[in-house]
Amino acid sequence: MSTPSTPTSLATYLEGIQALHESGRYRTALNAIATALEHYPKSDALLLWEAIATNAIGETDKAIALVKPLATSGDFETRQQARYLSQIWSAPSLQRHDEWQVNMTSFNDRLGTSRSAYVTSTAAGSSTATKTQSSATVPEDAPPSERPRSFWITLFVTGTFALAACNILLYTLRSR
């Protein structure tokens, strides 16, 4: 016959639950809370964490129902937190007007052609790649694979001249 294991302290349970919640493992936190509630069924702190984790998984109505009874808790801090969370979760969501939204155009739209079409035509070696490359304006923040070959040639030549200028300057300074 095995002896029943001594239950873990409430503080240990709470630390573990908080760590699970902070790492985004809300369902695992709920399972840990259920286990802890078997040993500490009247713990307001565990019930508060249960409401918080329930809200975190998207069940706000259930979380509000769990936190409402805690608003009359004997512990001042728990009572205050429960009222605060209940007010936040019960607040109406704000409506956003369309003029407040920023519409982002797709990167492909800015290029004038899709990247896959460009890559496919380049790989095939067709003259379409050259036409697409020259007709589309490539933004400055484009990834390196999207920039035309002339950009890289210009970059290389500029770098070479800069390196030569630095060498000449160093040679001049050393000769003095």
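Conventions we followed
Residues numbered from 1 in each chain as written. Predicted model: local features only at pLDDT ≥ 70, side-chain atom pairs only at ≥ 80, totals over all residues. Heavy atoms only, no water. Helix = DSSP H or I, 4+ residues; strand = E, 2+ residues; numbered from the N terminus. Buried < 20%, exposed > 50% of the residue type's maximum accessible area, 1.4 Å probe, protein only. Contact = heavy atoms within 4.5 Å. Expected span 1.5 Å × (residues − 1). Arc of directions from axis to C-beta.

Engineer: Sorry if this is basic, but what is going on with the overall build of the protein chain here?
Structural biologist: Within the protein chain, the secondary structure is distributed over 9 helices and 0 strands. Looking at the protein chain as a whole, 23% of its 176 residues are labelled buried. A separation of at least 24 residues holds for 46% of the contacts in the protein chain among residues at least 6 apart in sequence.

Engineer: Would you mind going over helix α1 (residues 10-22) with me for this structure?
Structural biologist: What sets the pattern is the α-helix's 3.6 residues per turn: residues three or four places apart point alike. In this model, α1 (13 residues) spans 18 Å end to end at C-alpha, consistent with the 18 Å of a helix rising 1.5 Å per residue. Every buried residue belonging to α1 is among Tyr13, Leu14, Ile17, Leu20 and His21, and all of these are buried. Relative to the axis of α1, the buried residues are bounded by an arc of 125° and lie together on one face. Those residues of α1 that are exposed and aimed more than 90 degrees away from the buried face are Glu15 and Glu22. Packing partners of the buried residues in α1 comprise α2 (26-39) and α3 (44-56). Backbone geometry just downstream of α1 places Gly24 in the positive-phi region, at approximately 85°.

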